[in-house]
Every structure is written in structure tokens, then in C-alpha cells.
Amino acid sequence: MSVDGDDAQTVSGARSGILDEVEAAEAALRDAALRGRIPGPRAADDPTCPDKPGDPDRDFVEMIDADQKIEPRDWMPDGYRRTLIRQIAQHAHSEIIGMQPEGNWLTRAPSLHRKAILLAKVQDEAGHGLYLYAAAETLGISREELVDLLLAGRQKYSSIFNYPTLTWADVGAIGWLVDGAAIINQVPLCRCSYGPYARAMIRICKEESFHQRQGYEILHTLAHGTPAQHQMAQDAVDRWWYPSLAMFGPPDADSTHSGQSMRWKIKRFSNDELRQRFVDMCVQQVEPLGLTLPDPELRWNEQRQAYDFTPPDYDELLRVIRGDGPCNRQRLAHRRAAHAAGGWVREAARAYAEKQAGRRKAGDTTAGVGVATAGVGAPPVGAGAG
Ligand code: 3HC
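Our subject in this report is the structure included herewith. (Residues numbered from 1 in each chain as written. Predicted model: local features only at pLDDT ≥ 70, side-chain atom pairs only at ≥ 80, totals over all residues. Heavy atoms only, no water.)

1. Thoughts on the side chain of Ser 158
Step number 1: Inspection of the secondary structure assignment puts Ser 158 in the loop between α6 (143–151) and α7 (168–186).
Step number 2: In this structure Ser 158 comes out as buried when scored by relative accessible area, which is 14%.
Step number 3: Those residues in contact with Ser 158 that lie beyond four places of it in its chain are Ser 94 and Met 247. (Helix = DSSP H or I, 4+ residues; strand = E, 2+ residues; numbered from the N terminus. Buried < 20%, exposed > 50% of the residue type's maximum accessible area, 1.4 Å probe, protein only. Contact = heavy atoms within 4.5 Å.)

Quick look at the structure:
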């Protein structure tokens, strides 16, 4: 059974509202580019900009206040750069580690059709990781360094991916709840003050919106199936609800970075504001599923014009962030093994780039042509499985 009629409208309604916000952010980016920008902040001794002596701190604040994008060539405070590297890297790592829980079901999807959709979705997550590593690299750190920091346990990834996927219904719950939470958190990032991050987020959010819909459709099918399938869907929603609420981070009072990140317009809303938006969206969407959210305290608050709800267990969030969740060790061990197994690909790409650079230096104008085909050629003899 597919999502149709009124039920489809419920999900599409929420979805198109979200897509409208992404479209609006994209239009704002285009308009800003057409308007041209005030000259970006420059370091006082920047020789490329002798006409703009001045105060880079003040110019930076001026750009942020004018809602213009900070670009890689602009001067920026060290703290702004560090915050962006931390957040974008954590986001990129989350996309890459986030392939594991769903990858677990690729070989066991209930039909070829489901398998093809899941495969495409998992590949999308890899793509998101790559856009985000590329955005982080514009801040002066290499992808290699970032990956090393992740593998050494010195940078984080989202708590949510440390929970196991026990049944096929978990794939639906991840799509609906986890991708749903990701969208609520990430649509405002399309208006982040740092240009490369904002631009990467536009495409990511469009794809995440499809992911959420496919998860919803899986749950809808199960929830309207046999009693055992319905139970499987309910059980998955029960297990993923609170970890999804925790994805938004600690409550505002305990959030180390929110205040400064909001002043810099990296974050546009606080953790609690986004968590509330997510709850309000899910309450609307759970009804057509014929399922319930596992919170007896969930009720409409007329005064606040929002739903009251039980917050997640923040002590559990801290434990998971510190490495003590159900699957933390397994996730990192798997990533380290995959990274080691892919070593020959990196080595081959490096050797190829060096060869091309050598040929260009020697005046060969065709060097670099055919990169795409060379990149997918046969692996070196004895390289083993990548
Ligand atoms: N998991 C892991 N760590 C978390 C966390 C979570 N759910 N929530 C907060 N933290 C960490 C922060 O990184 C910070 O630690 P640090 O100082 O060592 O970096 C600490 O807890 C305090 O939290 P703050 O609220 O002060 O941190 P932020 O202001 O950075 O807010 C955030 C946290 C809301 C996650 C923000 O960083 C953010 O919006 N990041 C971008 C989006 C992102 O990374 N999402 C991850 C999920 S991606 C995804 O879901 C993929 C999709 O395909 C499903």
C-alpha cells in the first residue's frame, strides 16, 4: 500500500513547506549574488586590497549584519573559522557514519525495489559527506586531516548513529524521524552566514526531503499491513523517538556554542526552538500513520501555541556523545577498517595526480584530460578489495 489521498497530503504539506523554505533561501543567495556584495573584510595588511584600510572586525560584523555571505577569501575571526570547521566537520562525519545503520539493511531489504531506493539513499548520504568536507576545506583544513581527527576520536559525529537498526521498520523510522529532524535542523543552515556551507545545504536539504518521505512511506506500508507489521513499525517509532529528539543537542541552557553561533548567524535558531518545531511537525504526521508517539505528556498548549512534550534523557545524550552509546565502538571500528581498505584508492589517485602535474609542467597540454575514466580503471594488481 502506498501513501495516497489525505495521508499523502499530510506528508506533502509538511514537505512542501520545508522545500519552500529551501527555495526561498536559494533565491536569497541568487539575489545577493546579483546585487553584488560590499567588499568583504580584509586583514589590515592585505596587499590585494590597498584601498580598504581598516578594521576587519568591524567590516566582518557589518557583513553579518547586512546578511551578506562571508566567503573563503574574506578575513574572519579565528573563533568563527574554528566554529565552522568544528560544525561542518561534525556534520560531514555524521553523513558518512550515518551510512552504516541503514547499510545494515541493504542486503536484507524486503524487495528489489526497496533495495534500489535504499541504495540510492545511502549513496546520497556519501555525497552529502563529500560536499561538506569540500565546504570545510575552504576554511583551510584538508579532508585528510578531518578524517584523521574523526578516526582518532577527536572530532564528533551525531549521537543518533550510535543506535542499532534491529528491524526493517527501523529504516522507515530513520527516514521519517532522523531525516525529519535533520531537515528541521538543516533548512535554517541554508541561510548560514558562511557562503560555501549555505550553498552545500541547499542541495542536501532537497535530497533529505526525499529521504524523509521514503521513510514515511515504509512506515505507512507496515503500519497498514498485518498486525505483526504494525507492531514492528510502532516498536521502531518507540525506540527512535527520544534519540531523534536528542539529536538537536543539549537544552539551550547547557549549549556551549549556540549564543555565539547565533550572533554570527551560523545557527539561526537555538537547539530547543528546533526541537519544538520537530515535535509539532511529527504530531501532525503520526496520525495518518495510525501509530503513536511514545510520550504520555504530549498535549497541545494553547498558550504557547505548541505541543508540550517530555524531553529526551540528556544524561544519555552525554554518555553517547562521550563514546558510550550502544554502537559507538562498532561504528568507529567499521569506519577505520573501511578507511584502511580504501588506502590503495587514495594512493592511486595521488600517483595519478602527480603524474599529471609532471606532464603539465613538461608542457603537455592534454595532461589531466580523461581523469574521469582513469579514476575508475582497474585497481593495481594485488590491491585487494576496496
Ligand atoms: N551528537 C553529538 N554531539 C552533539 C550533539 C549530537 N546530537 N549535539 C550537540 N553535540 C555536541 C556539540 O558538538 C558540542 O560539542 P563540542 O563543543 O565538543 O563540539 C556540545 O555537544 C555542545 O552542544 P552545542 O549545542 O553547544 O553545539 P552546537 O551549537 O554545535 O549545536 C548541533 C549542535 C545542533 C548539532 C549543531 O552543531 C548543528 O546544527 N550541526 C549541523 C548539523 C549536523 O551536524 N547534524 C548531524 C546530523 S546529520 C544527519 O543527520 C545526516 C542525515 O543524513 C540524517
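There is more to say, and it comes next.
2. Focus on the environment of Lys 267
Step number 1: Relative to the helices and strands, Lys 267 resides in the loop between α10 (258–263) and α11 (271–289).
Step number 2: Sequence separation between Lys 267 and Pro 188 is 79 residues; the distance between their C-alpha atoms is 7.3 Å.
Step number 3: Residues within four places of Lys 267 in sequence aside, it is in contact with Gln 87, Ser 255, Ser 258, Ser 261 and Met 262.
Step number 4: Polar side-chain contacts of Lys 267 include one of 2.7 Å to the side chain of Asn 271. (Polar contact = N/O pair within 3.5 Å; in protein donor to acceptor, adjacent residues only side chain to side chain.)

3. Some points on the site of the ligand
Step number 1: Contacts to the ligand come from 31 residues, most closely from Glu 125, Lys 156, Ser 255, His 257 and Lys 267.
Step number 2: Between the ligand and Lys 156 there is a distance of 2.3 Å, counted from an oxygen atom to a side-chain nitrogen or oxygen.
Step number 3: Between Ser 159 and the ligand, the recorded distance is 2.9 Å, taken from a backbone N or O atom to a nitrogen atom.
Step number 4: Protein burial of the ligand: of its 1,000 Å² of free accessible surface, 91% is covered by the chains.
Step number 5: Listing elements by their share of the shell around the ligand, those giving two or more residues are α3 (78–97), α7 and α8 (195–223).
Step number 6: When residues of the shell around the ligand are assigned to their parent elements, the largest contribution, six residues, is made by α3.
Step number 7: A class-by-class count of the residues in the shell around the ligand yields ten nonpolar, 14 polar and seven charged. (Near = heavy atom within 4 Å. Areas by Shrake-Rupley, 256 points an atom, 1.4 Å probe, with all protein chains shown as cover. Nonpolar A, V, L, I, M, F, W, Y, C, P; charged D, E, K, R; others polar.)

4. Notes on helix α2 (residues 56–65)
Step number 1: Restricting attention to buried positions, one finds in α2 the residues Pro 56, Asp 59, Phe 60, Met 63 and Ile 64. With its buried residues spanning 140 degrees around the axis, α2 presents them on a single face.
Step number 2: Those residues of α2 that are buried lie in contact with α3 and α10.
Step number 3: You can read the cap of α2 off the contacts: a side-chain oxygen lies 3.2 Å from the backbone nitrogen of Asp 57, and it is on Asp 55.
Step number 4: Downstream of α2 by a residue or two, Asp 67 has a phi angle that is positive, lying close to 60 degrees. (Arc of directions from axis to C-beta.)

5. Regarding the packing of aromatic side chains
Step number 1: Enumeration according to the criterion identifies nine aromatic pairs in this entry.
Step number 2: With centroids separated by 5.6 Å and ring planes inclined at 85 degrees, the aromatic side chains of Tyr 80 and Trp 264 adopt a geometry described as edge-to-face. Linking Tyr 80 in helix α3 with Trp 264 in the loop between α10 and α11, this pair joins segments that are 184 residues apart in sequence. An identical accessibility class is assigned to Tyr 80 and Trp 264; each is buried.
Step number 3: Look at Trp 241 and Phe 278: their rings are 5.8 Å apart centre to centre, the planes differ by 20 degrees, and that puts the pair in the stacked class. (Phe/Tyr/Trp six-rings, centres within 6.5 Å; stacked < 30°, edge-to-face > 60°.)

6. Observations concerning the nonpolar core
Step number 1: Ranked by internal contacts, the top residues of the largest apolar core, which has 85 residues, are Tyr 80, Leu 84, Ile 88, Trp 176, Tyr 194, Tyr 197 and Phe 278.
Step number 2: What Ile 88 contacts, discounting residues up to four positions off in sequence, is Leu 132, Ala 135, Ala 136, Leu 139, Tyr 194 and Tyr 197. (Core = buried A, V, L, I, M, F, W, Y, C linked by side-chain atoms within 4.5 Å.)

7. Let's talk about the environment of Met 281
Step number 1: If you trace the backbone, Met 281 turns up in helix α11.
Step number 2: Expressed as a C-alpha distance, the spacing of Met 281 and Gly 180, which sit 101 residues apart in the sequence, is 8.9 Å.

8. Looking at the packing of α3 against α6
Step number 1: Viewed as axis vectors pointing N to C, α3 and α6 meet at an angle of 70 degrees, and their least axial separation amounts to 11 Å. Overall, the two elements α3 and α6 adopt an arrangement that is roughly perpendicular. Here Ile 85, Ala 89, His 93 and Ile 97 of α3 come into contact with α6, specifically with Leu 146, Val 147 and Leu 150.
Step number 2: A breakdown of the residues in the contact of α3 with α6 according to their chemical character gives six nonpolar, one polar and no charged. (Axes fitted to C-alpha atoms, helices over the stretch in contact; angles between N-to-C directions. Parallel < 35°, antiparallel > 145°, perpendicular 65-115°, else oblique.)

9. A word on the pattern of salt bridges
Step number 1: In total, this model carries 17 salt bridges according to the counting rule given.
Step number 2: A salt bridge links Arg 239 to Asp 170, with the shortest nitrogen-to-oxygen separation between them at 2.7 Å. Linking Arg 239 in helix α9 (residues 227–246) with Asp 170 in helix α7, this pair joins segments that are 69 residues apart in sequence.
Step number 3: Note on Arg 239: relative accessible area 26%, which makes it partly exposed.
Step number 4: By relative accessible area, Asp 170 is classed as buried at 0%.
Step number 5: Between Asp 272 and Arg 275 there is a salt bridge, and its shortest N-O distance comes to 2.7 Å. (Salt bridge = Lys/Arg side-chain N within 4 Å of Asp/Glu carboxyl O.)

10. Remarks on the side chain of Asp 179
Step number 1: Within the secondary structure, Asp 179 is located in helix α7.
Step number 2: Exposure remark for Asp 179: the relative accessible area of 5% places this residue in the buried category.
Step number 3: Within polar-contact distance, the side chain of Asp 179 engages the side chain of Lys 121 at 2.7 Å.
Step number 4: Not counting chain neighbours up to four residues away, the residues in contact with Asp 179 comprise Lys 121, Glu 125, Ile 174, Glu 208, His 211 and Gln 212.

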